Amino acid sequence: MTKNIPPSIIALDGPAASGKSTLGRTLADSLGYLFFDTGVMYRAITWIALQHDLNLRDETVITELAQKAQIDIRPPSKNDGRACDVILGDKDVTWDIRDGKVEANVSVVSAYAGVRRALSEHQRRIGMRGRIVMVGRDIGTVVLPEADLKIYLDASAEERARRRYDEIIARGEKADYDEILKKVIERDHIDSTRAVAPLRPADDAVIIDSDKMNAGQVVARVMELCK
Ligand code: CDP
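In short, a report on the structure. (Residues numbered from 1 in each chain as written. Predicted model: local features only at pLDDT ≥ 70, side-chain atom pairs only at ≥ 80, totals over all residues. Heavy atoms only, no water.)

1. Observations concerning the overall build of the protein chain
Alright, step 1. On a plain count of helices and strands, the protein chain comes out with 9 helices and 8 strands.
Alright, step 2. Taking 2.2 N^0.38 as the reference for a compact globule, 227 residues should give roughly 17 Å; the C-alpha atoms of the protein chain span a radius of gyration of 17 Å, in line with that estimate.
Alright, step 3. Dimensions along the principal axes, computed over C-alpha positions, put the protein chain at roughly 60 × 35 × 35 Å.
Alright, step 4. Split into buried and exposed, the 227 residues of the protein chain put 48% on the buried side.
Alright, step 5. Long-range contacts, defined here as pairs at least 24 residues apart, represent 69% of the contacts in the protein chain between residues at least 6 apart.
Alright, step 6. Of the roughly 11,700 Å² that the protein chain leaves accessible, carbon and sulfur atoms contribute 50%.
Alright, step 7. Averaging the positions of the 34 positive and the 36 negative side-chain charges in the protein chain gives two centres separated by 3 Å. (Helix = DSSP H or I, 4+ residues; strand = E, 2+ residues; numbered from the N terminus. Rg over C-alpha atoms; globule rule 2.2 N^0.38 Å. Buried < 20%, exposed > 50% of the residue type's maximum accessible area, 1.4 Å probe, protein only. Contact = heavy atoms within 4.5 Å. Areas by Shrake-Rupley, 256 points an atom, 1.4 Å probe, with all protein chains shown as cover. Lys, Arg positive; Asp, Glu negative; His and termini not counted. Charge placed at Lys NZ, Arg CZ, Asp CG, Glu CD.)

2. Structural notes on the site of the ligand
Alright, step 1. Around the ligand sit 18 residues, and of these Arg-43, Ser-110, Arg-116, Arg-187 and Asp-191 come closest.
Alright, step 2. Note that an oxygen atom of the ligand is positioned 3.1 Å from one of the side-chain N or O atoms of Arg-137.
Alright, step 3. Here Arg-187 contributes a side-chain N or O atom positioned 2.8 Å from an oxygen atom of the ligand.
Alright, step 4. Alone, the ligand offers 530 Å² of accessible surface; in the complex the protein occludes 98% of this.
Alright, step 5. At 3 residues, helix H2 (residues 39-51) tops the list of elements feeding residues into the shell around the ligand. (Near = heavy atom within 4 Å. Polar contact = N/O pair within 3.5 Å; in protein donor to acceptor, adjacent residues only side chain to side chain.)

As structure tokens, then:
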């Protein structure tokens, strides 16, 4: 009897707050794979640029920053809901990069070609080792076009804003649904209309619309595809 081998490189793309991280983490855990959320790298560059008061509109300065930045992604050192530790230099920025100011500016930073080149080379090196679930916007199209399984997880902007709202409230922070919805739509627009590596499903991606599905149903559907 032959045993089916699950796909080794799994690319998981989709718009903001579509549930990629939840799905990716669960999938990686059940397969015993590494979970790598590439969004944290773009967030980390944005955070450090804001920290140093750099002009985010200055592509050259931000690109140099991305080329020099020492971003380290490590297994979670704390049990506080994090999927991994995000370390910049010697500082743990795991939660700092979730800040509203980072969220409002990350799409500008991630649209720069030089920033993308610096970060995606790094991502590709890690991805090619296999046994990985890599999450982002351009994993199936640009970073790992040879991925064995490509999922594009979608949901309406309203549903995604609701999920992001619930996430923030669950962390004990304040949130404004209308404001979140506006920001989600803005970020989608920038991410999908940028010249380099825009957000779009790869031609061979399986598109899952999760509007009417709960997290468990989405996981079950993708686990089916992994058999
Ligand atoms: O969790 P959420 O979907 O809100 O965002 P994220 O995955 O952490 O990504 C934050 C931002 O980084 C996105 O809005 C994109 O602008 C950028 N990003 C990207 O351009 N390419 C990736 N592979 C991952 C993230």
